[in-house]
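A structural walkthrough
As a plain string of letters, each chain reads:
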Amino acid sequence: MYSGEYSVEAEAIHAINYRDAVTWHSKGAPIYLDSFQMPNRSTHANDMFFALGLHYSDHLTEGEKFMDQYYPQVLRNFVKTGRPDEEWEPLKDDGSGYFSIEAIRNGSDIILPHQKNTYFYQEQIHFWLSHLSSVNERAIERQNRTERSVLSNSFLLPLVTNQLPLETNSEVAALKEANESLLSAFWVVVVIALVLASALLVMAISNHLNRRMQNSYYFAEETEIFGNSGKAGVVLYGSIN
C-alpha cells in the first residue's frame with residue numbers, strides 16, 4: 001500500500017495535472033509536463049515567485065539565482081516557439097516523460113533542469129487515479145445493492161424469498177397471497193374513485209347547462225305601426241330569471 005511521500009495537497013495536484021496532461025495528449029496536443037523542485041519553494045504556485053519576480057534577489061541562494069534567470073526564459077520560449085526548452089520533450093504516448101525543473105547543489109555539483117523519461121510520480125498517480133477510483137466504484141456498487149435490497153422488500157414488489165427469514169414454503173405462499181390481496185384492493189379503490197369522479201363530472205356539466213338555459217335571453221319580434229307613416233319597428237323583449 002502506498003504510504004504517501006508528499007502532502008495530500010501536493011499529491012492531489014500531481015494527480016490532477018497528470019490526468020489533464022494525458023487527456024489533452026489523447027486529443028493530439030503536445031504536452032510539456034514538469035515537476036518544479038526547489039528547496040523551500042516546491043509548494044503549489046511557488047514557481048510564480050520566479051516567473052513574476054516576487055522576491056528579493058539579494059536573499060537568493062545560488063540555485064535560486066539560477067532559477068531567477070532560467071524560469072522566465074522557459075516561459076518566453078514556450079510563448080514564442082511552443083517548446084519551453086530544447087531538452088524538454090513532450091509527453092510520450094505511453095504517458096511517460098516529464099521535465100524536472102530544479103537547481104539544487106549536490107556536493108560540488110549543481111543539479112540543473114533535465115528531462116526524465118520515467119513516469120510522473122508513478123506511485124502517487126496509481127494510488128489517486130486508479131486505486132481510489134476502484135474503491136469508490138466498489139462503494140457505489142455496494143450502496144446500489146443495498147438500495148435494491150431495500151426496494152425488493154417493499155409490499156408492492158414481488159417478494160425475494162432468500163432475503164426474508166422464512167422457514168417454510170407455506171409462510172412464503174401466505175405472504176405472497178397477502179401481497180396480491182393488497183394489490184387487488186388498491187386497484188379496486190382506484191376504479192371506485194374513477195367512477196365517482198366521472199359521476200360528479202356529469203352532474204356538474206348537467207347543472208351548468210341548466211343554469212345556462214334558465215339565464216338565457218329570449219327574443220320576440222313585434223310589428224308596431226307608427227301613426228300613418230306605415231313604417232314598422234322591431235321591439236325586443238327579454239327576461240332574466
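Residues numbered from 1 in each chain as written. Predicted model: local features only at pLDDT ≥ 70, side-chain atom pairs only at ≥ 80, totals over all residues. Heavy atoms only, no water.

**Details of the overall build of the protein chain**
A count of helices and strands for the protein chain gives five helices and seven strands. Helices and strands in the protein chain line up, N terminus first, as α-β-α-α-β-β-β-β-α-α-β-β. For the protein chain, the proportion of contacts with a sequence separation of at least 24, taken over those separated by at least 6, is 47%. For the protein chain, the computed accessible surface area is about 17,900 Å², with 58% contributed by carbon and sulfur atoms. (Helix = DSSP H or I, 4+ residues; strand = E, 2+ residues; numbered from the N terminus. Contact = heavy atoms within 4.5 Å. Areas by Shrake-Rupley, 256 points an atom, 1.4 Å probe, with all protein chains shown as cover.)

**Re the UniProt feature "transmembrane region" (unreviewed entry) in the protein chain**
In the numbering adopted here, UniProt assigns the feature "transmembrane region" (unreviewed entry) to residues 185-205. This span, residues 185-205, is 100% helix and 0% strand, and a straight line between its end C-alpha atoms measures 31 Å. (UniProt positions renumbered as here; feature names shortened; annotations may be inferred.)

**As for the pairing of strand β2 (residues 96-102)**
Burial analysis of β2 places seven of its seven residues in the buried class, which makes it a mostly covered element. Relative to β2, strand β1 (residues 34-37) runs parallel, the two being bridged by four bridges. Paired with Asp 34 across the strands is Phe 99, a residue of β2. Bridging between β2 and strand β5 (residues 114-119) involves four bridges; their strand directions are antiparallel. Counterpart to Tyr 98 in the pairing with β5 is Lys 116. (Buried < 20%, exposed > 50% of the residue type's maximum accessible area, 1.4 Å probe, protein only. Pairing = 2+ DSSP bridges.)

**Remarks on the sheet that holds β5**
Backbone hydrogen bonds are what pair the strands of a sheet, in a parallel or an antiparallel way. Read from one edge to the other, the open sheet built from three strands follows the order β1-β2-β5, with strand pairing classed as mixed. The open sheet has two edge strands with one neighbour each: β1 and β5. Neighbouring strand axes in the sheet, compared pairwise and without regard to direction, differ in orientation by 35° on average. This element, helix α3 (residues 62-81), spans β1 and β2 of the sheet and lies at about 135° to β2. (Axes fitted to C-alpha atoms, helices over the stretch in contact; angles between N-to-C directions.)

**Examining the side chain of Glu 102**
Structurally, Glu 102 is set in strand β2. Buried charged residue Glu 102 carries no salt bridge. Nearest counter-charge: Lys 116, at 4.9 Å. Separated by 2.7 Å, the side chains of Glu 102 and Ser 100 make a polar contact. Not counting residues up to four positions away in its chain, the partners in contact with Glu 102 are Gln 37, Met 38, Met 67, Ile 111, Leu 112, Pro 113 and His 114. (Lys, Arg positive; Asp, Glu negative; His and termini not counted. Salt bridge = Lys/Arg side-chain N within 4 Å of Asp/Glu carboxyl O. Polar contact = N/O pair within 3.5 Å; in protein donor to acceptor, adjacent residues only side chain to side chain.)

**Some words on the nonpolar core**
Grouped together as the largest cluster of nonpolar side chains are 12 residues: Tyr 32, Phe 36, Met 38, Phe 50, Met 67, Tyr 70, Tyr 71, Val 74, Trp 88, Phe 99, Ile 101 and Ala 103. Elements with a contribution of two residues or more to this core: α3 and β2. Take this core: its biggest share by element is four residues, from α3. Residues within four places of Tyr 71 in sequence aside, it is in contact with Phe 36, Asp 47, Met 48, Phe 50, Ala 51 and Ile 101. Counting 10 residues, the second-largest nonpolar core is a separate cluster that includes Ala 15, Tyr 18, Ile 31 and Tyr 121. (Core = buried A, V, L, I, M, F, W, Y, C linked by side-chain atoms within 4.5 Å.)

**What about the packing of aromatic side chains?**
Applying the stated criterion across every chain yields a total of 12 aromatic pairs. Ring geometry for Tyr 18 and Phe 120: centres 6.2 Å apart, planes at 5°, overall stacked. Linking Tyr 18 in helix α1 (residues 8-26) with Phe 120 in the loop between β5 and α4 (122-152), this pair joins segments that are 102 residues apart in sequence. Overall, Phe 120 belongs to the buried group, its relative accessible area being 3%. Ring geometry for Phe 120 against Tyr 121: centres 4.7 Å apart, planes inclined by 90°, an arrangement best described as edge-to-face. In this pair, the class of Phe 120 matches that of Tyr 121, namely buried. Taken together, the ring pairs in this structure connect Tyr 18, Tyr 98, Phe 120 and Tyr 121 into an aromatic cluster. Cation over ring: Arg 41 sits above Phe 49, and NZ or CZ is 5.8 Å from the ring centre. (Phe/Tyr/Trp six-rings, centres within 6.5 Å; stacked < 30°, edge-to-face > 60°. Lys NZ or Arg CZ within 6 Å of the ring centre and 35° of its normal.)

**Observations regarding the pattern of salt bridges**
Summed over all chains, the structure comprises four salt bridges. Two residues, Arg 19 and Asp 20, come together in a salt bridge whose shortest N-O distance is 3.5 Å. You can call Arg 19 partly exposed: its relative accessible area is 43%. A salt bridge links Glu 62 to Arg 105; its shortest N-O distance comes to 2.7 Å. Here the residue Glu 62 occupies a position in helix α3, and Arg 105 occupies one in strand β3 (residues 104-106), the gap between them amounting to 43 residues. Using a relative accessible area of 44% as the deciding quantity, one classes Arg 105 as partly exposed.

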